[in-house]
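Report on the structure
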Amino acid sequence: MLMTTAASRHTRRDAILWIALYLAAIVGPMALLLVGERPRAGGFWWDFALAIGYAALAMIGVQFALTARFKHATAPFGIDIVYYFHRYLATIAFVFVLAHVAILFVRYRPTVGSLDPRGMPFALGSGWVALIAFVALVGSSLFRKPLRIEYDRWRRWHVALAVIGLAAAVAHVFAIGSYLEPLWKAVVWGGLAAAWFGLVVWVRAIRPWRLTRDPYRVTEVRREPGRSWTLRLEPERPPEVAYRPGQFAWLTLRASPWAMREHPFSFSSTPTRPGAIEFTVKELGDFTRTIGTVRPGERAYVDAPYGHFEIDRFADADGLVFVAGGVGIAPILSMLRALADRGDRRTIVLFYGNRRWDRIVARDELDALAAGPLDLRVVHALTEPPEDWTGERGFVTLEMLKRHLPADATRFDYFVCGPTPMIRLVERSLRRLGVPFARMHSEIFDLA
Ligand SMILES: Cc1cc2nc3c(=O)[nH]c(=O)nc-3n(C[C@H](O)[C@H](O)[C@H](O)COP(=O)(O)OP(=O)(O)OC[C@H]3O[C@@H](n4cnc5c(N)ncnc54)[C@H](O)[C@@H]3O)c2cc1C
C-alpha cells in the first residue's frame, strides 16, 4: 500500500513524480485553453461550467492510464492503491460532469435546447449519451455488490461503457468547440483524445496479443486443505516470467487473453526454484470454484509480475514478521521459500490465522522450515480450535502480537496479507506497538 510501504526515498520520490505527472495531465490541457485567443467572456457560471466539463474529460481520459497497469507508474503505490485512487477520482470526475450539466441546465436553459431526442443536434445528443454512459458506469461500480452483478460481466460492461462515454464526451466537446480555437488548441486536445484511445487499444488488444506469444501449460493441480488448490504451470517457451517473492500475476485459464477473464493471484512459488511457477488458490466464487476441474495440459496465460508486497525491497530489516489470514499465506509462502533457499538467518515470526486446524495450507512445510533452514517461529491462531487446543485462539490481536514478538521487533519489517478486516486490525495493533508506517506492508486480495 502506498504510504505504508514507502520504505525507500526512491519510492517516495517516484510517487511524488507520478502524482505531479497526473496533476499535469489534468491541469495542463485546461491551462492551454486559456492561452492566447479566448471566446468572449460568457459570465462566471458559463466559464465555470465549461472549466469543470473540460476537467472532467481530462480526468476521465487519465482514468484509462490508471488502470493500464503500467509497472513503473503503479510501482511506488501498489496496484491496490492505484485501483482505489481510480475509483475515487472517477467519483470526483462524475460529480464534475453532473455539476457541468446542472449549471448549464439551471442558468443557461436555452443553450441546452429541447430534451426531445428527435431532432436534437449532434453536439447536445453526444453530451447526453456521455452522461447516460457515465451514470451507468458509476452506478454499476458503486452498487455492483448489492446489485449482485458478477465481476467478469461487470468488468466487460465497465470497459464498454467507459469507451462509449469517453467517445461521446470527446465528440460533444469537439462539436461544441468552445475554447478550441485557434486550431492548435483543437489539435492538442485531439492528440490527447487519441492518446486515451491508444491506451485502450494497447490494454485490450496489443497486450493480450503479446501474452499469446508466451503461453503456459498446467502441469499439476494439487488439492490443499481448506478448499484450496495449488496450480503448477510451466512456460511453453522457457524461461518463465521473472518475478520477485511476494509479487502477483494476472492469470487467464480456459479463455483467450482478449476475453477479459483474468484474475489476480500471488505467486506461491519462489524464483529461487526456476522452471515452473505456482499459485495457491482458495475456492471463493465463480472462477476459483472451477480450479479443481482444471487438468494438466490445459493452456494458461500469465501477465506478470505486478505488486510491491515483497521482502527484497527491505533487505535492511533486522527481522521479518508475517501475518497471514487463510489463503493470504500464498505470497508469504513464496517469501519464506525464497528466504530458506537463500540461507537467510534473520529472526522470522509468522502469525497464521485460520478457522480450523485441518484447513491450514502448507502446515507441514512450515514446520519443516521452522525446524531446519530458517530461524522461524510459527504462531497458529484458530477461530474454531479443537477442544484440546492449547495454542492461540481468535483473531491476531495486539496482545497476541505482544506475547510472541521479541522486544526489538519495532526494527523488523511486517508483511500482512489476508481479508481486509484482518489487515485493518493488525495494522492498528502494529501502530499501537510503535511499528513505523514505513515498516508495515500489506496486500489486499480485493481490488474492487
Ligand atoms: C493482488 C491480489 C493477489 C491475490 N492473490 C490471491 C491468491 O494468491 N490466492 C487466492 O486464492 N486469491 C488471491 N486473490 C483474490 C482472487 O483474485 C479472487 O479471490 C478471485 O479473483 C475471485 O474470483 P471468483 O470469480 O472466484 O470470485 P467472485 O465471487 O466472482 O469474486 C469475489 C471478489 O473477488 C474480486 N474479483 C473477482 N474477479 C476478479 C478479477 N477478475 N479481478 C480482480 N478482482 C476480482 C471481486 O472483488 C469480487 O467481488 C488475490 C487478489 C489480489 C487483488
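With that out of the way, let us pick up helix α8 (residues 151–176). Think of an α-helix as turning once every 3.6 residues; residues three or four places apart then point the same way. In this model, α8 (26 residues) spans 37 Å end to end at C-alpha, consistent with the 38 Å of a helix rising 1.5 Å per residue. Two residues or fewer past α8, G177 is found with a positive phi of approximately 75 degrees.

Let us look at helix α5 (residues 79–107). Between the first and last C-alpha of α5 there are 42 Å, a value that for 29 residues agrees with the 42 Å anticipated at 1.5 Å per step. Among the residues of α5, those classed as buried are I79, D80, V82, Y83, H86, L89, A93, F94, V97, H100, I103 and L104.

The strand order across the open sheet built from six strands is β10-β9-β8-β7-β11-β12, with neighbouring strands paired in parallel fashion. The open sheet terminates on both sides in strands that have one partner only, identified here as β10 (392–393) and β12 (440–444). Here five bridges tie strand β7 (residues 319–325) to strand β11 (residues 413–418), and the two strands are oriented parallel to one another. Pairing of A324 across the sheet is with C417, part of β11. Contacts from helix α10 (residues 329–341) reach β7, β8 (347–354), β9 (375–382) and β11 within the one sheet, and its direction differs from that of β7 by about 150 degrees.

Further remarks concern the nonpolar core. With 42 residues, the main nonpolar core has L57, F134 and W189 as its most contacted residues. At ten residues, helix α3 (residues 44–66) tops the list of elements feeding residues into this core. Apart from the residues lying within four places of it in its own chain, the contact partners of L57 are L166, A169, V170, V173, W189 and W196.

Okay, the pattern of salt bridges next. Going through the model one piece at a time under the given rule, you end up with 26 salt bridges. For R222, the salt bridge identified is with E278, shortest N-O distance 3.2 Å. With R222 in strand β1 (residues 216–224) and E278 in strand β5 (residues 277–282), this pair connects stretches of sequence that are 56 residues apart. A relative accessible area of 27% means that R222 is categorised as partly exposed.

Let us look at the side chain of T252. Considering the arrangement of structural elements, one finds T252 in strand β3 (residues 248–253). Classification of T252 by relative accessible area gives buried; the value is 2%. Not counting residues up to four positions away in its chain, the partners in contact with T252 are P257, R261, E262, R299, A300 and Y301.

All right, on to a nonpolar patch on the surface then. Residues L32, V35, W184 and V188 make up a contiguous nonpolar surface patch of roughly 290 Å² in combined accessible area. Among the structural elements, V188 can be located in helix α9 (residues 183–212).

This paragraph deals with the packing of α3 against α9. Any two packed helices are characterised by how steeply their axes cross, that is the angle between the axes, and by the distance between the axes. Running from N to C, α3 and α9 cross one another at 30 degrees; their axes reach a closest spacing of 8 Å. Here α9 runs roughly parallel to α3, going by the angle between their axes. Along this stretch, α3 crosses α9, giving a crossing that reads as left-handed. Counting all contacts with α3, which are made through Y54, L57, A58, G61, V62, F64 and A65, the residues of α9 involved are W189, W196, L199 and V200. Here the contact of α3 with α9 is composed, by residue class, of ten nonpolar, one polar and no charged.

Here we take up the site of the ligand. Surrounding the ligand, one finds 27 residues, the nearest of these being E262, P264, K282, T288 and D446. Interatomic distance of 3.0 Å between a backbone N/O atom of F287 and an oxygen atom of the ligand. With respect to the ligand, the side chain of T288 contributes an N or O atom lying 2.5 Å from an oxygen atom. If the ligand stood free it would expose 890 Å²; the protein chains cover 91% of that surface. At the level of secondary structure, the elements contributing two or more residues to the shell around the ligand comprise α8, β3, β4 (263–266) and β5. Tallying contributions element by element places β4 first for the shell around the ligand, with four residues. Looking at the shell around the ligand residue by residue, the class counts come to 14 nonpolar, five polar and eight charged.

This next bit is on the domain arrangement of the protein chain. Domain annotation of the protein chain identifies domain 1 (2–211), domain 2 (216–306) and domain 3 (316–444). Facing 15 residues of domain 1, the contacting portion of domain 2 comprises 16 residues. When the two sides are added together, the surface that domain 1 and domain 2 hide from each other amounts to roughly 1,600 Å², 56% of it contributed by carbon and sulfur. Connecting domain 1 to domain 2 are five salt bridges. A salt bridge links E262 to R155, with the nearest nitrogen and oxygen atoms 2.7 Å apart. Only α5, α8 and α9 provide two or more residues apiece to the side of domain 1 that touches domain 2. The greatest single-element share of the side of domain 1 that touches domain 2, amounting to six residues, is contributed by α9. Grouping the amino acids of the side of domain 1 that touches domain 2 by side-chain chemistry returns seven nonpolar, no polar and eight charged.

Another point: the sheet that holds strand β6 (residues 299–306). One open sheet accounts for six strands, arranged β4-β3-β6-β1-β2-β5; its pairing is antiparallel. The sheet is open, and its two edges are formed by β4 and β5, each paired on a single side. Ignoring strand direction, the axes of neighbouring strands in this sheet form an average angle of 40 degrees. As paired strands, β3 and β6 are joined by five bridges and run antiparallel to one another. Note on β6: the bridge partner recorded for W250 is D303.

Definitions and limits used
- Residues numbered from 1 in each chain as written.
- Predicted model: local features only at pLDDT ≥ 70, side-chain atom pairs only at ≥ 80, totals over all residues.
- Heavy atoms only, no water.
- Helix = DSSP H or I, 4+ residues; strand = E, 2+ residues; numbered from the N terminus.
- Expected span 1.5 Å × (residues − 1).
- Buried < 20%, exposed > 50% of the residue type's maximum accessible area, 1.4 Å probe, protein only.
- Pairing = 2+ DSSP bridges.
- Contact = heavy atoms within 4.5 Å.
- Axes fitted to C-alpha atoms, helices over the stretch in contact; angles between N-to-C directions.
- Core = buried A, V, L, I, M, F, W, Y, C linked by side-chain atoms within 4.5 Å.
- Salt bridge = Lys/Arg side-chain N within 4 Å of Asp/Glu carboxyl O.
- Patch = residues over 30% accessible without salt bridge, like charges linked within 9 Å, V, L, I, M, F, W, Y side chains within 5 Å.
- Areas by Shrake-Rupley, 256 points an atom, 1.4 Å probe, with all protein chains shown as cover.
- Parallel < 35°, antiparallel > 145°, perpendicular 65-115°, else oblique.
- Left-handed = near helix turned anticlockwise from the far one by under 90°.
- Nonpolar A, V, L, I, M, F, W, Y, C, P; charged D, E, K, R; others polar.
- Near = heavy atom within 4 Å.
- Polar contact = N/O pair within 3.5 Å; in protein donor to acceptor, adjacent residues only side chain to side chain.
- Domains from an automatic or database assignment.
- Buried area = accessible area lost by both parts, 1.4 Å probe.

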